[in-house]
Amino acid sequence: MPVTLTRATLRRPLLALLVSGLLAGCDQAASEAPAVPAKAAAQKGGNLLIAIDTDPNCLDPQQAGNNNSLNIGRQLTDSLTDQDPQTGNIVPWLATQWQIDEGNRRFTFTLRDNVTFSDGTPFTSQSVKDNFNAIVKLGARASLASTYLKGLKQIDTPDAQTVVITFQQPNAQFLQATSTMSLGFFAPSTVAAPAEARCQGSLAGTGPFVLKQFVHNQKVDLVRRNGYQWPSSLAKHQGESYLDSVEYRVIPESGVRFGSLISRQLDVNVGVTPQDEALLLAKNIHLIARTNPGLVYSLFPNQSTPLMAEAPLRQALNLAIDRQALKPVLSRYQSAATSVLAKTTPLYQDLSADLGYNPQAAEKLLEENGWRRGADGIRSKNGQRLSFRISYWQSAPFIEVVQQQLHQVGIDLQLEKAPISQVVARQAGGKLPVDFYNLTRSDPDVLRTVFDAGGRNVNHRQPAEVDRLLLQSSETLEKAQRQDYVTQAAKQLIAEGNAIPLVELATVIATGQNVRGFHFDASSRFQLYDTWLTAKE
Amino acid sequence: MNHLLLATPKSRRRLPASLKRALQGIGVLWAAWSLTFFILYILPADPVTIMLNQGEQSTVDAAQVAALKAQYHLDLPVWQQYLLALWDLLHLNLGKSIISGDNVTDLIIQALPATLLLAVCALVVALIVGGGLAAGTSVLPSGRIKSMLLALPSLGAALPTFWSGLLLLQLFSFSHAWLPAMGNRGWQSLVLPTLTLAIPTAATLAQVMSRSLAEVWRRSFIDALRLKGAGTARLLWRHVLPNAAIPLLTLSGMVFGHLLAGAVITETIFSREGLGRLAEGAVSAQDIPLVQGVVLTAATVFVVVNFITDAIYPLLDPRLATGER
């Protein structure tokens, strides 16, 4: 039952904007947007206008860590491999095949022929070597890419189409990492350029689009790469991209992104707020959503604080939270966590049995460990109140429900919403009793990067059995075996109260009715190669 | 410099007024710049940590982070950082943005014209609307219409810029695609931001102007001129308005400051490039060199506008040109 967009129907959005908070509660009435009509022939041409919410700051995907930058960088360069968002399998892209030996330490890639950078120079095994060495040299500036290459020992180029990458330790995550834009490739001129110049757009990549202009706080213009013919094996077509050009507009105000999409001044809004969802659906705007793979929104207790050093208390936290009861305040695209990994992560397994709600058991654990209820219902022991604070910047209303649930068993959770810079500073200080965040990565190795006692060690804990499991999971690519290690590690992290999973984050994007072939990749980011526009009527 | 500033009134008289004003201006700029530095330094985060944790958590090696901080001298004691930055400033080098790596000077040169254009357009509209309203009401006989018009400026000043901007967008862009909702392209994209920014400014100007006009109308020379047969319109244009404009001029430096501050919100709503947006992003990322650059630029605009108003005074009132002020 498509609703035609007339001027009369467009007059309502402001009122709608003002009462959107009220409406969000009764969104059941809103009809789902119809699926994209049956397959029509893709058309070439057109300029795709995409709204992003913040300035991307740095366009170099090898350096960038924020989603907006990565979603731009993805269009400028290709990767050795691609990852199937459905299966999580790694498939060919610029590498036609690969071989992994010596216990996952040595990766040999055979490269595709006749690939060139947008400045005309050829893409060869030397390009892979130069790019990866440059990333290592960028160090902390390459915030994601440098972690993917940690422990890099040497890179050999026996011939122009073969590159052999050797690590000091077994490195199972590396294959998935080669599918990310963070390990995408750029021409020698880019590799030689200073980090700052690359951020500003001195970027000649192999990708289906070329950077034309970058104006801070305003826009990023891309144009089609002529002669492009090496899409990923997952691509739906061959040859050049359909779109003539892509324009990312920086629009910080969510109401303006909403209104501009409704009034067709925009084609895509990548920053849909949960409040806008029901209204967009009511306006027959197509919403696409995908759960972010990786670590779900969780609480991470810091065992270097006296309070959280107590294992029974951490376990009580897990027991006292009713994850199903969080649903009413979630976006329709988010869901309650069923493991410390989101369900879109490869090797995810449903561990909801380990995350059961049992407030009686939680209270019993607390009682046994000497936490007695005071007059105000909050427990205390030896004069210390069972109270702790979390600092966060995200839009996460469900955390208030968690606060009420914990209050019922006598735990006082203090919420402190602050600007991102202050939250980051407090977390970096390592003094907070509990951290709260999520982390997107389409590989289960995300567990090792965050929890490993010899690495980031988010819990500030002593080495334990789980570290062996995490290490083993990073050393094998044999699926069943790795599955076993990952699941065991996840179970232990939950059982010991090192992770208190809450909610799976989802990326929600709204597209105008003229946009076709807009898909998420395995990391819930997007690739515009297959995207096309119908003629505007 | 200290010697000059602390000089006795007698020796101060020897300094030409323009040089004195220039030194004061430099003092203002230095104070604004230094204050920004120390305020940002007191905040708990540093820009490198923020850059590496954009959006989600970073898993970067601690040693590498330390190396990057050292590159920006963030590992030095605060006074050393301050002196280094001051040394660069004396060489007219505003440094590089830590977050984007761009030259601060380039970023400001790119953003400033758009903001100045917006501010000047808004000032012109505000002068016409606010001044017109004040002049119009000043000649109206007392009554219901007059009191209604007199209440308008208070209403305009009370409207949040944010709200009026969204309302204008809804009326002129979302429901009827008459004007673009965003960007810096063409005069069309300037109309709604100008109106949004002009509303509170016009209200302030009208409030001051009304009071000033009422005061001039009451003066005895007006009565004398009226007795000589001068009409209301002639009196308003030739005698009342020029006299009433002097407090307005005094106010203009402040008004311009308001406009620059209002640009932060207006540019955010209308997704415009400009100094306000640059400042907003820089502050939230605690990009110290960039924030200092923006503050210095805004302070410079402020000082220059005050210079210009000082120069205009004597043109409006020749009495101010003679003798010491």
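Going by the structure above, here's the rest.
Model, not experiment: these values are computed from the prediction.

Reading the values: the criteria
Residues numbered from 1 in each chain as written. Chains lettered and ligands numbered in written order. Predicted model: local features only at pLDDT ≥ 70, side-chain atom pairs only at ≥ 80, totals over all residues. Heavy atoms only, no water. Helix = DSSP H or I, 4+ residues; strand = E, 2+ residues; numbered from the N terminus. Buried < 20%, exposed > 50% of the residue type's maximum accessible area, 1.4 Å probe, protein only. Contact = heavy atoms within 4.5 Å. Areas by Shrake-Rupley, 256 points an atom, 1.4 Å probe, with all protein chains shown as cover. Lys, Arg positive; Asp, Glu negative; His and termini not counted. Charge placed at Lys NZ, Arg CZ, Asp CG, Glu CD. Rg over C-alpha atoms; globule rule 2.2 N^0.38 Å. Salt bridge = Lys/Arg side-chain N within 4 Å of Asp/Glu carboxyl O. Polar contact = N/O pair within 3.5 Å; in protein donor to acceptor, adjacent residues only side chain to side chain. Nonpolar A, V, L, I, M, F, W, Y, C, P; charged D, E, K, R; others polar. Pairing = 2+ DSSP bridges. Phe/Tyr/Trp six-rings, centres within 6.5 Å; stacked < 30°, edge-to-face > 60°. Lys NZ or Arg CZ within 6 Å of the ring centre and 35° of its normal. Core = buried A, V, L, I, M, F, W, Y, C linked by side-chain atoms within 4.5 Å. Disulfide = S-S within 2.5 Å. Axes fitted to C-alpha atoms, helices over the stretch in contact; angles between N-to-C directions. Parallel < 35°, antiparallel > 145°, perpendicular 65-115°, else oblique. Left-handed = near helix turned anticlockwise from the far one by under 90°.

(A) Representation of the overall build of chain B in the model. Across its full length, chain B carries 14 helices and zero strands. In sequence order, the secondary structure elements of chain B are arranged as α-α-α-α-α-α-α-α-α-α-α-α-α-α. Its C-alpha atoms give chain B principal-axis dimensions of roughly 85 × 65 × 30 Å. Relative to its 325 residues, chain B shows a buried fraction of 46%. Restricting the contact set of chain B to residue pairs at least 6 apart, pairs at least 24 apart contribute 71%. When the accessible surface of chain B is summed, it comes to about 16700 Å², and 69% of that surface belongs to carbon and sulfur atoms. Charge-centre separation for chain B: the mean point of 22 positive side chains lies 22 Å from the mean point of 16 negative side chains.

(B) Representation of the overall build of chain A in the model. The helix and strand inventory of chain A stands at 17 helices and 26 strands. Compactness check: chain A gives a C-alpha radius of gyration of 24 Å against a globular reference of 24 Å for 537 residues, within 12% of the reference. Oriented by its inertia axes, the alpha-carbon framework of chain A measures out at about 75 × 65 × 40 Å. By residue count, 61% of the 537 residues in chain A fall in the buried class.

(C) Inspection of the interface of chain B and chain A at higher detail. Contacts between the two partners involve 52 residues from chain B, matched on the other side by 51 residues from chain A. Connecting chain B to chain A are zero salt bridges. On inspection of chain B and its partner chain A, the count reaches eight residue pairs in polar contact (both at pLDDT 80 or more). Contributions of two or more residues to the side of chain B that touches chain A are made by helix H4 (47-52), helix H5 (62-71), helix H7 (104-139), helix H9 (161-174), helix H12 (232-269) and helix H13 (275-284) of chain B. A total of seven residues in the side of chain B that touches chain A trace back to one element, the largest contributor, which is H9 of chain B. Split into classes, the residues belonging to the side of chain B that touches chain A amount to 22 nonpolar, 22 polar and eight charged.

(D) Spotlight on the pairing of strand E21 (residues 500-504) of chain A. All names here are of chain A. Most of E21 sits out of view: five of its five residues are buried. As paired strands, strand E13 (residues 294-301) and E21 are joined by three bridges and run antiparallel to one another. Along E21, the bridge assignment pairs Leu299 with Ile500. Here strand E14 (residues 335-336) pairs with E21 via two bridges, running antiparallel. Across the sheet, the residue bridging to Ser335 is Glu504, located in E21.

(E) Structural view of the sheet that holds strand E16 (residues 379-381) of chain A. Residues and elements named next belong to chain A. The strand order across the open sheet built from three strands is E15-E16-E17, with neighbouring strands paired in antiparallel fashion. Lying at the two open borders of the sheet, with one neighbouring strand each, are strand E15 (372-373) and strand E17 (384-385). Two strands pair when backbone bridges link them, and E15 and E16 are joined in this way by two bridges, in the antiparallel orientation. Bridge assignment links Arg373 to a residue of E16, and that residue is Arg379.

(F) Just the pattern of salt bridges, in detail. Under the counting rule described, the total for this entry stands at 26 salt bridges over all chains. Between Arg224 of chain A and Asp244 of chain A there is a salt bridge, with its nearest N and O atoms 2.7 Å apart. Remark: Asp244 of chain A occurs in the loop between strand E9 (219-224) and strand E10 (245-250) and Arg224 of chain A occurs in strand E9; sequence separation between them is 20 residues. With a relative accessible area of 16%, Arg224 of chain A lands in the buried category. Among the ionic pairs, Glu215 of chain B bridges to Arg219 of chain B, the shortest N-O distance being 3.5 Å.

(G) Quick peek at the packing of aromatic side chains. Applying the stated rule across the entire model yields 24 aromatic pairs over all chains. Counting every residue linked through ring pairs, the aromatic cluster contains Trp98, Phe107, Phe109, Phe117, Phe123, Phe132, Phe167, Phe174 and Phe185 of chain A. Lying over the aromatic face of Phe307 of chain B, Arg21 of chain B brings its terminal NZ or CZ to 6.0 Å of the ring centre.

(H) Examining the nonpolar core more closely. Residues and elements named next belong to chain A. Counting 38 residues, the largest nonpolar core has Phe109, Phe132 and Ile165 as the members making the most contacts within it. Put simply, the parts of the chain that give this core at least two residues each are strand E5 (106-111), helix H4 (125-138), helix H5 (145-148), strand E6 (152-159), strand E7 (162-167) and helix H6 (174-177). Top element by residues in this core is H4. It accounts for four residues.

(I) Fine view of the state of the cysteines. Residues and elements named next belong to chain A. Tallied over the full model, the rule gives one disulfide over all chains. Linked covalently through their sulfurs, Cys58 and Cys199 form a disulfide whose S-S length is 2.2 Å. The sign of the S-S torsion, about -80°, decides the handedness of the disulfide formed by Cys58 and Cys199: left-handed. Taken together, the residues Cys58 in the loop between strand E1 (47-52) and helix H3 (67-76) and Cys199 in helix H8 (residues 195-199) connect sequence positions 141 residues apart. In this structure, Cys58 and Cys199 share a single accessibility class: buried.

(J) View of the side chain of Arg290 of chain A. Residues and elements named next belong to chain A. For Arg290, the position within the fold is in strand E12 (residues 286-291). Comment: no salt bridge for buried Arg290; closest opposite-charge side chain is Asp521, at 5.8 Å. When residues no more than four places from it in sequence are discounted, the contact partners of Arg290 are Pro85, Thr344, Leu505, Ala506, Thr507, Phe520, Asp521, Ala522, Ser523 and Ser524.

(K) Expanded view of the side chain of Ser212 of chain B. With respect to the helices and strands, Ser212 of chain B occurs in helix H10 (residues 188-217). If sequence neighbours within four positions are ignored, Ser212 of chain B has contacts with Ala244 and Pro247 of chain B.

(L) Molecular detail of the environment of Ile420 of chain A. Turning to its location among the elements, Ile420 of chain A is positioned in helix H14 (residues 420-429). Separated by 28 residues in the primary sequence, Ile420 of chain A and Tyr392 of chain A have C-alpha atoms spaced 7.4 Å apart.

(M) Up close: the sheet that holds E21 of chain A. Residues and elements named next belong to chain A. The strand order across the open sheet built from four strands is E14-E21-E13-E20, with neighbouring strands paired in antiparallel fashion. Here the strands that pair on one side only, and so sit at the sheet edges, are E14 and strand E20 (434-440). The pairing of E13 with E20 spans six bridges and is antiparallel. Directly across from Leu295, in E20, lies its bridge partner Leu439.

(N) Structural detail: unusual backbone geometry. All names here are of chain A. At Arg264, a residue that is not glycine, the phi angle is positive and equals roughly 60°. Among the secondary structure elements, Arg264 is positioned in the loop between helix H9 (254-262) and strand E11 (268-269). Accessibility expressed as a relative area gives 36% for Arg264, which makes it partly exposed. If you check the backbone angles, Asn382 has positive phi at about 50° while not being a glycine. By the secondary structure assignment, Asn382 is in the loop between E16 and E17.

(O) Focus on the packing of helix H16 (residues 465-473) of chain A against helix H17 (residues 479-495) of chain A. Residue and element names in this part refer to chain A. Put simply, H16 and H17 touch, their axes get as near as 8 Å, and they point 150° apart. If you check the angle between H16 and H17, you find them roughly antiparallel. Note that H16 runs across H17; the crossing there is left-handed. Residues Glu465, Val466, Leu469, Leu470, Gln472 and Ser473 of H16 touch H17, and the partners they reach there are Arg482, Tyr485, Val486, Gln488, Ala489, Gln492 and Leu493. Per-class residue counts for the contact of H16 with H17 are seven nonpolar, four polar and two charged.

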